[in-house]
Amino acid sequence: MPNVKLQNYLHLHFIVFVWGFTAILGELISIDALPLVWYRMLLASGFIYLFIYIKKISLIVTRKLFLILFLSGIIIALHWITFFAAIKVSNVSITLATLSTGAFFTSILEPIFYKRRIIWYEVVFGLLVITGLYIIFKVEGDYSEGIIYALCSAFLSSVFSLINGKIAQQYNPSLISFYELLSGVGVITLYLLGITFFGHEAEGFTVSFFQLSTSDWLYMLILASVCTAYAFIGSVQVMKYLSPYTVMLTVNLEPVYGILLAVLIFGNSEKMSPQFYYGALIIIGTVILNGIFKNAKKRKRPPTLHNITK
């Protein structure tokens, strides 16, 4: 009988590879960040609803939970909009390297969110992340707008993860994801409708908004189905067989896979100065070290129920 743990570990690496490919698709899709996220959330919520329907998962939620999921959906929509905006104004490498600062934001917000004391090594790692970010800013000043967008995206990702961390242990992950995606696309729809009727005539829901090229439709379907719906459901499945520590460390390889893919696919437009890679290595290495320290600390405590959201 094949090693189930090994199979799931390889499956997890494939999922992280798929997440890294998300940034590549963001570069390949020609439309702007806002309509791109609208299509992604709309299609992905449809795919996840199909999964929920097949699995006969109940969609009944309390009013309080719906409000939390509604807020979380808005945050993830803004996270994706700033993420793809960063790619559009800079490139994949800059975006993914800067997005790795999400762990730094989490180390700041988590003590506030969960009302715990600040841990000394989180402060040290935070300073290392700032150092890596400073190096990138200094040598890649032409991409400053993209770096700022990516920083906003990283911050929003951290907030979203902290919210989901409190509810994901109590409710079905597919249900949570469905309502969050549906809420996000609903808010974006209202915004676009407002622009359509009260804003500039060239913006909002125009004829060109729905005129995607064949390649854009193909990339969008891959983004919504494989990179969003499948990757989310698959990541939940592998967590049944792998430790949270293994999952967390593997997920941190996402920017590495993404940057390597970008260099292979886009060539010279993604090749950065050596100093950029020094800065990116400091950030990614610090994130991995943070996970190692946290895991060592948790091993000293009685076992508890863990969950990782992406």
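S.K.: Help me get a handle on the packing of helix α2 (residues 33-55) against helix α8 (residues 173-198), residues and values and all.
M.R.: With their axes 9 Å apart at the nearest point, α2 and α8 run at an angle of 145° to one another. Handedness of the crossing formed by α2 with α8: left-handed. Partitioning the contact of α2 with α8 into residue classes produces 18 nonpolar, five polar and one charged.

S.K.: Residue-level account of empty space enclosed by the protein, with values.
M.R.: Considering all chains together, one arrives at two cavities of 30 Å³ or more under this definition. There is about 70 Å³ of room inside the largest cavity. Lining the largest cavity, in full, are A103, F104, S107, E122, F125, G126, V129, T286, V287 and N290. In terms of residues, the lining of the largest cavity owes the most to one element, helix α6 (residues 120-139), which gives four residues.

S.K.: Tell me about the nonpolar core, and name the residues and values.
M.R.: Counting 77 residues, the largest nonpolar core has W38, M41, F84, I188, M220 and L223 as the members making the most contacts within it. Residue contributions to this core peak at 11 residues, all from helix α3 (residues 63-89). Excluding residues within four positions of it along the chain, W38 makes contact with V185, I188, T189, L192, F205, F209 and F210.

S.K.: Break down the side chain of T95 for me, citing the residues and quoting the values.
M.R.: With respect to the helices and strands, T95 occurs in helix α4 (residues 92-99). For T95, a relative accessible area of 0% translates into the label buried. Excluding residues within four positions of it along the chain, T95 makes contact with F83, A86, I87, S90 and A150.

S.K.: An account of the packing of helix α5 (residues 102-113) against α6 is requested, with residue identities and associated values reported.
M.R.: Close contact between α5 and α6 brings their axes to 9 Å; oriented N to C, the two are set at 145°. Between α5 and α6 the crossing geometry is left-handed. Listed contacts from α6 to F104, S107 and P111 of α5 are E122, G126, V129 and I130. In terms of residue class, the contact of α5 with α6 is made up of four nonpolar, two polar and one charged.

S.K.: An account of helix α9 (residues 214-238) is requested, with residue identities and associated values reported.
M.R.: End to end, α9 covers 34 Å across 25 residues, agreeing with the expected 36 Å (1.5 Å per residue, within 8%). Maximal helix bending in α9 amounts to about 40°, located at A231. Here α9 has its buried residues at D216, M220, L223, A224, C227, T228, A229, A231, F232, G234, S235 and V238. Looking at the buried residues of α9, the elements they touch are α1 (4-28), α2, α3 and α8.

S.K.: Explain the side chain of T101 residue by residue, including any values.
M.R.: Inspection of the secondary structure assignment puts T101 in the loop between α4 and α5. Residues contacting T101, with those up to four places away along its chain left out, are V129, L133, L151, A154 and I283.

S.K.: Account for α5, with residues named and values stated.
M.R.: Turning to α5, its buried residues are G102, F104, F105, S107, L109 and P111. Contacts from the buried residues of α5 go to α4, α6 and α7 (144-167). Positioned one or two residues after α5, K115 has a phi angle of 55°, which is positive.

S.K.: Lay out the packing of aromatic side chains in plain terms, naming residues and giving numbers.
M.R.: Given two aromatic rings, one states the distance between the centres and the angle between the planes to describe the pair. In the structure shown here, the tally under the stated rule is 19 aromatic pairs. Through a chain of ring-to-ring contacts, the aromatic side chains of W38, Y39, F205, F209, F210 and W217 assemble into a single cluster. Its end group placed over the ring of W80, R40 keeps NZ or CZ at 3.8 Å from the ring centre.

S.K.: Before we move on, could you go through the confidence of the model for the protein and cite the residues and values that matter?
M.R.: Summary statistics for the protein give a mean pLDDT of 85 and a share of 91% for residues scoring 70 or more. Note that pLDDT drops below 50 for residues 302-310; the model gives that stretch 19 contacts with residues more than four away or on any other chain.

S.K.: An account of the environment of V92 is requested, with residue identities and associated values reported.
M.R.: Within the secondary structure, V92 sits in helix α4. Residues V92 and P274 lie 182 residues apart in sequence; the distance between their C-alpha atoms is 16 Å. Residue contacts for V92: discarding those within four places in its chain leaves A23, I24, E27, I87, G258, A262, F266 and E270.

S.K.: Before we move on, can you summarise the environment of S157 with the specific residues and values?
M.R.: Tracing the sequence through the fold places S157 in helix α7. Judged by its relative accessible area of 22%, S157 falls in the partly exposed class. In sequence terms S157 and A77 are 80 residues apart; their C-alpha atoms lie 9.9 Å from each other.

Parameters and conventions
Residues numbered from 1 in each chain as written. Predicted model: local features only at pLDDT ≥ 70, side-chain atom pairs only at ≥ 80, totals over all residues. Heavy atoms only, no water. Axes fitted to C-alpha atoms, helices over the stretch in contact; angles between N-to-C directions. Helix = DSSP H or I, 4+ residues; strand = E, 2+ residues; numbered from the N terminus. Left-handed = near helix turned anticlockwise from the far one by under 90°. Nonpolar A, V, L, I, M, F, W, Y, C, P; charged D, E, K, R; others polar. 1 Å grid on protein atoms, 1.4 Å probe; cavity = no way out; pocket = protein on both sides within 12 Å on 5 of 7 lines; lining within 4 Å. Points joined across faces, edges and corners; volume = space filled by probe spheres on them. Core = buried A, V, L, I, M, F, W, Y, C linked by side-chain atoms within 4.5 Å. Buried < 20%, exposed > 50% of the residue type's maximum accessible area, 1.4 Å probe, protein only. Contact = heavy atoms within 4.5 Å. Expected span 1.5 Å × (residues − 1). Bend = angle between axes of the 7 residues up to and from the residue. Phe/Tyr/Trp six-rings, centres within 6.5 Å; stacked < 30°, edge-to-face > 60°. Lys NZ or Arg CZ within 6 Å of the ring centre and 35° of its normal. pLDDT = per-residue confidence, 0-100.

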